[in-house]
Amino acid sequence: MSDQAISIRSMNKYYGGFHALKDIDLDVAHGEKVVICGPSGSGKSTLIRCINRLEEHQAGTIAVNGIPLDDNVDNIDEIRREAGMVFQNFNLFPHMTILENCTLAPRLVRKQTREEAEAIAMSYLERVKIPEQAHKYPGELSGGQQQRVAIARALCMAPEIMLFDEPTSALDPEMISEVLDVMVGLAEEGMTMVCVTHEMGFARQVADRVIFMADGEIIEQAPPGEFFDNPSSERTKTFLGQVLGH
Amino acid sequence: MTDLAIQSAPALSKIKKHYFATPLNSTITVLLAAFTAWVLWSLFNWAFLDAIWGYGKNEECRAHEHGACWSFVATRWRIVLFGLYPFEEQWRSALACIVMLIVAVLSCVPVFWSAKRLPLLWVVGFVTFYILMRGGFFGLTTVVERDWGGLSLTVFIFAAVCLLGMPLSILFALLRRSELPWIARTMALLIDVIRSLPLLSIMFTFAIVLPFVLPDWAIGDKLYRVIVGYAIFFACYQAEIIRGGMQAIPVGQEEAAKALGMGYWHRIGYIVLPQAFRNALPPTINQFVITFKETSLVTIIGFFDILASGRAAAGTADWSFATIEMYVFVGLLFFVFVFSLSRYGAYLERRMSVGSR
C-alpha cells in the first residue's frame, strides 16, 4: 500500500482549446477527508472525475493507492474498483430494483455469488437506513433516498476511497441532511473521502482540509478552521462571502 | 323514472352538444350516420347474408354475383396456406407453423427472458421447423426449399430475418457508436448505403447476382441468400432504432457503471442495451410489423409466400372470380398476426413502465 491514497502531480486537462485544469498538485492521505469548493466552472467536478478516468487528463500524473492512472485498461479498472463515486444526479439504474443496483457490480466485477452480494447489499442498505426499499425501483424513491442508495451501491464494492461529486446539489432542501448524515457516518468510520460540495457546514464538521478552486486552479487549501475564519486569498474571501452571506 | 332521467340526462346532453348543436351539425350527423349504416349493412349483406359457404361451390358462386364466395376459402385454403408444398405432406407444414407459433408465444412469456433460455428456445424451434419442412430425416420425404410456400414460408422468412437481423443490428449499432472515428464512419456509410437501396434490389442482388460472385460452397439455397440479404437490410434500420434508444439514455448511466468498475461488455449488456431496447420498443415493434408485411416481396424472385399462394389459389379458371375473397382471407391472416404483435408491444410497454423513472 502506498503512503498516499491519491497523488496528483502537475496534472493538466483541456477540452479542445479550453484549459480546464491547470497544473494541479494534490495529495490525499489514507483516511483523510478533503472537501473541494469553488464557483461553478472552476473545474472541481472535472478534477474528481479525472481521478477515476471519467475524464481523461492530458498531462501530468495521477496515482490512486500507488496505481498509476495511464492508458492501461487494467489499471483503470482497478482504480475504479478502489474508488467509489457518488454523482449529483444519483445515476441509479432505473430498470433494476434497489437491491439489483447494489448487487450488480459486486457480482459481475467482484465475482460474488448472489447470496453473498445480497447479504452485503442489505447490510449497507441498513446502514443508509432504507432496507425496506430493497425491492422497489429507483423511480419509486425520493431524491434523498435515491442518493443514499447510490452511496450504498458504491460501498458494496468495498472501495478504499469515496469520491462525491456534488452529492446534495440536486436534492430538495429537506432531503439534504439525510444524505449528509450518511456521509458524516462514513467519515467517522475513517473512509478516505474527496467531496465536491457547497455544504460548508459539512466541510467545517468533517473535513481535514478544504480546497478552494477557481478557473481550473487550486487557489488555497487549509484546515477548515483556518479556511473559514482566516482565508488568505481575496477570491476565497469573496466566494465565502457569497456562500455564507445569508 | 326520475332516476333514469337524471342518469341519462348527461349522456343525452353530451350527444346533443357534440352532434346536434346547430342545424348544419345535425344534417351532417344524420347524413354520415346514414352513410355509415348503409356501408356496414352492404358489407354485412355481402359477407354473411348473401354469402355462399361450403366446399366446391364455384359454379353457384359464378352464377350468384352479389355475395361473398366463402366456398373459395373452404375449397382452396390449403393452397393459400401451404402453396406448392406436396399435398399429402401438408400436415408437416401446418405442424411446422404451429411449432413456430408456439415458440413465438413462449418467447413472449417473461419466464423465457434469459440469455440462455431464449436463444435455446428459438434454436430448438428452428431445428424442429426445418426438420418438419425439409424432411429427409425420420422417414420424412425430402421437400426442397423451392417447394415451400404459403403461411409457413412467410413465417419462416420473417422469423429467420428477425433472428439473424437482431444480433446484427446490435452489432451495427455498437460499431456505429464506436469511439474510433474510422469504424463509426465506415459503419455509418454502410448503413446509409444499404438504407438508400430498395429492398427489392437487395433481394435481387442476393438471389441472382451473388451466385456469380461467391465460390460454389458459399452459395447455398436461394431462400437463404434472400434471408441473409433481407436480414442485413433489417439490421441497418434496426441499428438506427437501437442507436436512437441508446442516445436517449442519460450519460450518467454509463458513467455510473464505469465508476463501479464494470467493463465495456458488462456496461453494454446490463446497462445500455436493456434501457435502449425499452426506449426503442415502439419503433422496434413497428419495424417488426413492416418486416412481416414486406416478406411478400419474395414473390418477385419466385417464392410462393402467402400472398403469392393466394393469387395462385384464385388463379385457376374455376376460381378466377374470387380475388376479393382471396385478398380478404389473406388480409385477415396478416391482420391477426400484426394485430397480436402490436397488442404484445402494448403489453410490454405497460409492463416495463413499472421500472421507469
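Sequence order as written defines residue numbering, which begins from 1 separately in each chain. Labels follow written order: the first chain is A, the first ligand is 1, and so on. It should be noted that, the model being predicted, local features are given only for residues of pLDDT at least 70 and side-chain atom pairs only at 80 or more, the latter also being counted only at that level, while totals for whole chains, interfaces and linings use all residues. Processing note: side-chain calculations cover all non-hydrogen atoms of the structure and skip hydrogens and water entirely.

J.: Any chance you could explain the overall build of chain A here in plain terms?
T.: Strands here mean DSSP runs of E at least two residues long; helices mean DSSP runs of H or I at least four residues long; both are numbered from the N terminus. Along its length, chain A carries nine helices and 10 strands. The globule rule used for comparison is 2.2 Å times the number of residues to the exponent 0.38, while the radius of gyration itself is calculated over C-alpha atoms. In terms of overall size, chain A behaves like a compact globule, its C-alpha atoms giving a radius of gyration of 18 Å where 246 residues would be expected to give roughly 18 Å. Along the longest, intermediate and shortest principal axes, the C-alpha atoms of chain A span 55 × 45 × 35 Å. Here's how the labels work: a residue is buried when its accessible area is under 20% of the maximum for its type, exposed when over 50%, partly exposed in between, all with a 1.4 Å probe on protein chains only. A total of 246 residues make up chain A; the buried ones form 58% of that total. For chain A, the proportion of contacts with a sequence separation of at least 24, taken over those separated by at least 6, is 66%. Per-residue and other accessible areas were derived by the Shrake-Rupley procedure at a 1.4 Å probe size, with only the shown protein chains allowed to occlude residues. Only carbon and sulfur atoms are counted for the fraction: they give 46% of the accessible area of chain A, which is about 10,100 Å². Only four residue types enter the tally: Lys and Arg on the positive side, Asp and Glu on the negative side; His and the chain ends are excluded. The location of each charge is read from NZ of Lys, CZ of Arg, CG of Asp or CD of Glu. Seen as two clouds, the 22 positive and the 37 negative side-chain charges of chain A have centres 2 Å apart. Contacts: residue pairs with any heavy atoms within 4.5 Å of one another.

J.: Please explain a nonpolar patch on the surface as it appears in this structure.
T.: Taken together, the side chains of B:Phe204, B:Ile208, B:Val209, B:Phe212, B:Val213 and B:Ile300 define a hydrophobic patch exposed on the protein surface, amounting to about 610 Å² of accessible area. Structurally, B:Ile300 is set in the loop between helix H13 (281-294) and strand E1 (304-305). Exposure above 30% relative accessible area and the absence of a salt bridge qualify a residue for a patch, where like charges join within 9 Å and nonpolar side chains (Val, Leu, Ile, Met, Phe, Trp, Tyr) within 5 Å. Only one rule defines a salt bridge in this text: a Lys or Arg side-chain nitrogen within 4 Å of an Asp or Glu carboxyl oxygen.

J.: Help me out: how do you make sense of the pairing of strand E1 (residues 4-15) of chain A in this one?
T.: Remark: a regular strand shows side chains that alternate across the two faces of the sheet. All names here are of chain A. Strand pairing follows a simple DSSP-based rule, namely that at least 2 bridges must link the two strands. Here E1 pairs with strand E2 (residues 18-29) via eight bridges, running antiparallel. Its bridge partner lying in E2, Met 11 is registered against Ile 24. In this structure, the hairpin formed by E1 and E2 is closed by a connection of two residues, where Gly 16 is found at a positive phi of approximately 60°. Bridge analysis of E1 against strand E4 (residues 59-64) gives five bridges, and the strand direction is antiparallel. The residue of E4 that forms the bridge with Ser 7 is Ala 63.

J.: Where do I start with the sheet that holds E2(A) in this structure?
T.: By definition, the strands of a sheet pair up through backbone hydrogen bonds, in either a parallel or an antiparallel sense. The four strands lie next to each other as E2-E1-E4-E5 (chain A), forming an open sheet whose pairing is antiparallel. Of all the strands in the sheet, just E2 and strand E5 (67-68) of chain A have a single pairing partner and so form its edges.

J.: Can you help me understand the pattern of salt bridges in this one?
T.: Proximity of charged atoms lets side chains of opposite charge pair with each other. Enumeration according to the criterion identifies 19 salt bridges over all chains in this entry. One salt bridge connects A:Asp215 with A:Arg235, and the closest N-O pair in it is separated by 2.9 Å. Residue A:Asp215 is found in the loop between strand E9 (209-214) and strand E10 (217-222), and its partner A:Arg235 is found in helix H9 (residues 234-244); the two are separated by 20 residues along the sequence. Owing to a relative accessible area of 42%, A:Asp215 belongs among the partly exposed residues under this scheme. The network of salt bridges with shared partners includes A:Lys13, A:Arg49, A:Glu55 and B:Glu255.

J.: Just checking my understanding: could you explain empty space enclosed by the protein for this structure?
T.: Empty space left among the atoms is revealed by rolling a probe the size of a water molecule over them. In this analysis a 1.4 Å probe is tested at points of a 1 Å grid over the protein atoms alone, and where it fits but cannot get out there is a cavity; an open set with protein on both sides within 12 Å along at least five of seven lines is a pocket; lining residues have an atom within 4 Å of a point. Grid points are joined across faces, edges and corners, and a volume is the space filled by probe spheres set on the points. Applying the stated criterion across every chain, the model contains one cavity of 30 Å³ or more. What the largest cavity holds in volume is close to 50 Å³. Surrounding the largest cavity, A:Met85, A:Phe87, A:Ala150, A:Arg153, A:Ala154, B:Ala256, B:Ala259 and B:Leu260 form its lining. The set of elements that each furnish at least two residues to the lining of the largest cavity consists of helix H5 (143-155) of chain A together with helix H11 (251-259) of chain B. In terms of residues, the lining of the largest cavity owes the most to one element, H5(A), which gives three residues.

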